[in-house]
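What follows is the residue order along each chain.
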Amino acid sequence: MSAGGAGAFGHVSVLLKEATDALAIKADGSYLDGTLGGAGHAEEIAGQLGENGRLYGFDLDADAIAEAERKLSGYGDKVRLFRDNFKNAVTVLKEEGVEGLDGILLDLGVSSHQIDDPARGFSYMQDAPLDMRMAQDKGRSAADLLKEETEEELARIFREYGEERFAKQIAHRIVLQREAHPLETTEELNEIVYMTVPKAARKKGSHPSKRIFQALRIAVNGELTGLTECLDEMISFLHPGGRLAVITFHSLEDRIVKQCFQRNEKPCICPPQFPVCACGRVSAGRIVTRKAIVPSEEESGKNTRARSAKLRVFERTGRN
Ligand SMILES: C[S@@+](CC[C@H](N)C(=O)[O-])C[C@H]1O[C@@H](n2cnc3c(N)ncnc32)[C@H](O)[C@@H]1O
């Protein structure tokens, strides 16, 4: 199986060639893959490194780390793996003596391996315990969150992270239900969503459970806050000419990446009538992808998960 193919792990890498080409890999460069997953992108990067090249890989998921260890074992000291959140990567790498990177890749969200494992509770299509944690042994599960959060906070999560019209009503029903019996399984949550969303609305657009499950997953794993916290720091940690490539799968993530890249390219906050910049904010680099790169029709046809993918790339120039 070549890099990026499904293999036993069951994940097909999205935009494999586009993302690794975008990093413009140098044989003696240092790279970070913040989202190892099935290690498809990581294997492609590692394969392009010479003797002095380095790849640092991060993932929260123990299965992903085990798969990366297996796939990348032949690269010896060139590859180092960390079971940690990518939002901590710059701090961790600095502690390890790494002074900067030539490229960083984030391929966000969950892997097919995680979705397809019924025990993980990521999918509304399989009955399973409501877990949804990327790090299997850390933090609150989706069941904990549904048990502990206020009605208002649940409604906010469904509205903001799932863009769900009936967020308030679904949150209200969950709170009523949990007084008698806290929700423990995906099927119980599906039932609440089904009972709450009116029949006419159920027939339009995507499956309502899909939006609710997406919202819960984002909240359980702190996905948007983590991303927002680390992108600027990652750009600052790039060597001049180094690149940050991010693949997103929904508009909420994409907006965070797009706005961060715009802010780093043109940070000046002076009023437009000022003849010269007085705020002193200096550009960190340039946006390489004016329009996001999306998968070819062929890729989307073969891999439905690729359909919503968007790749954006930023290139660092100069130093802080
Ligand atoms: C889409 S998959 C990556 C697939 C990979 N690029 C490949 O080619 O096989 C996303 C992976 O990122 C991990 N992940 C998501 N958010 C993370 C975070 N904040 N820190 C570390 N890993 C994360 C997930 O556990 C999952 O394994």
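Note that this is a predicted model, so its numbers are computed, not measured. (Residues numbered from 1 in each chain as written. Predicted model: local features only at pLDDT ≥ 70, side-chain atom pairs only at ≥ 80, totals over all residues.)

## Examining the overall build of the chain
Okay, step 1: Within the chain, the regular secondary structure consists of 14 helices and 7 strands.
Okay, step 2: Compactness check: the chain gives a C-alpha radius of gyration of 21 Å against a globular reference of 20 Å for 320 residues, within 12% of the reference.
Okay, step 3: C-alpha extents for the chain along the principal axes are approximately 60 × 60 × 40 Å.
Okay, step 4: Counting all 320 residues of the chain, 43% fall into the buried class. (Helix = DSSP H or I, 4+ residues; strand = E, 2+ residues; numbered from the N terminus. Rg over C-alpha atoms; globule rule 2.2 N^0.38 Å. Buried ≥ 20, exposed ≤ 12 C-beta atoms within 10 Å, placed from the backbone.)

## Here we look at the pairing of strand S7 (residues 310–316)
Okay, step 1: Of all 7 residues in S7, 7 are buried; the element is thus mostly enclosed.
Okay, step 2: Residues Lys310, Arg312, Phe314 and Arg316 point to one face of S7 and Leu311, Val313 and Glu315 to the other, with burial holding for every one of them.
Okay, step 3: Two strands pair when backbone bridges link them, and strand S5 (residues 238–248) and S7 are joined in this way by 6 bridges, in the antiparallel orientation. Opposite Ile247, over in S7, you have Leu311 as the bridge partner.
Okay, step 4: As paired strands, strand S6 (residues 285–287) and S7 are joined by 3 bridges and run antiparallel to one another. (Pairing = 2+ DSSP bridges.)

## Some details on the site of the ligand
Okay, step 1: Looking at the ligand, there are 23 residues lining it, with Ser13, Thr35, Gly37, Gly38 and Gly40 nearest.
Okay, step 2: Contributing elements (two or more residues each) for the shell around the ligand: helix H2 (40–47) and strand S2 (54–59). (Near = placed C-beta within 6 Å.)

## Details of the environment of Leu224
Okay, step 1: If you trace the backbone, Leu224 turns up in helix H12 (residues 223–236).
Okay, step 2: The spacing of Leu224 and Gly74 is 150 residues in sequence and 34 Å in space, taken between C-alpha atoms.
Okay, step 3: For Leu224, the contacting residues outside a window of four places in its chain are Ile218, Leu252, Glu253 and Ile256. (Contact = placed C-beta atoms within 7 Å.)

## Quick look at the environment of Arg305
Okay, step 1: Relative to the helices and strands, Arg305 is located in the loop between helix H14 (297–302) and S7.
Okay, step 2: Counting along the chain gives 72 residues from Arg305 to Glu233, while the straight-line C-alpha distance between them is 29 Å.
Okay, step 3: Sequence-distant contacts of Arg305, that is, excluding residues within four places in its chain, are made with Val14 and Ser112.

## Points about the sheet that holds strand S3 (residues 79–83)
Okay, step 1: The 7 strands are arranged S3-S2-S1-S4-S5-S7-S6 in an open sheet whose pairing can be described as mixed. Edge positions in the open sheet fall to S3 and S6, since each of these has one partner strand only. Each neighbouring strand pair of the sheet contributes to a mean axis angle of 15°, computed without reference to strand direction.
Okay, step 2: Sitting on the sheet, helix H13 (residues 251–265) touches S5, S6 and S7, and the angle it makes with S7 is about 20°. (Axes fitted to C-alpha atoms, helices over the stretch in contact; angles between N-to-C directions.)

## Structural notes on unusual backbone geometry
A negative phi angle is the norm for most residues apart from glycine, just as the trans form is the norm for most peptide bonds.
Okay, step 1: In the Ramachandran plot, Ala39 falls in the positive-phi region, its phi being about 65° despite a non-glycine side chain.
Okay, step 2: With respect to the element layout, Ala39 can be found in the loop between strand S1 (30–33) and H2.
Okay, step 3: The phi dihedral of Met132 is positive, around 70°, even though this residue is not glycine.
Okay, step 4: Relative to the helices and strands, Met132 is located in the loop between helix H5 (112–116) and helix H6 (142–148).

## Some remarks on H12
Okay, step 1: For H12, spanning 14 residues, the distance from its first C-alpha to its last is 21 Å, which sits close to the expected 20 Å at 1.5 Å a residue.
Okay, step 2: The largest bend along H12 reaches roughly 35° and is located at Cys230.
Okay, step 3: All of the buried residues along H12 are Glu223, Leu227, Cys230, Leu231, Met234 and Ile235. (Expected span 1.5 Å × (residues − 1). Bend = angle between axes of the 7 residues up to and from the residue.)

## As for the domain arrangement of the chain
Okay, step 1: You can read the domains of the chain as domain 1 (16–113 + 224–316) and domain 2 (138–220).
Okay, step 2: If you average the C-alpha positions of domain 1 and of domain 2, the two centres end up 31 Å apart. (Domains from an automatic or database assignment.)

## Side note on helix H3 (residues 62–71)
Okay, step 1: Along H3, the residues classified as buried are Ala64, Glu67, Ala68 and Lys71. The buried side chains of H3 occupy one side of the element, clustering within an arc of 100° when seen end-on.
Okay, step 2: Contacts made by the buried residues of H3 are with H2, S2 and S3. (Arc of directions from axis to C-beta.)

## Remarks on the environment of Thr248
Okay, step 1: Among the structural elements, Thr248 can be located in strand S5.
Okay, step 2: Here the alpha-carbon distance between Thr248 and Pro182, two residues 66 residues apart in the chain, equals 33 Å.
Okay, step 3: Not counting the four nearest positions on each side in its chain, Thr248 is found in contact with Leu108, Glu253, Asp254, Val257 and Lys310.

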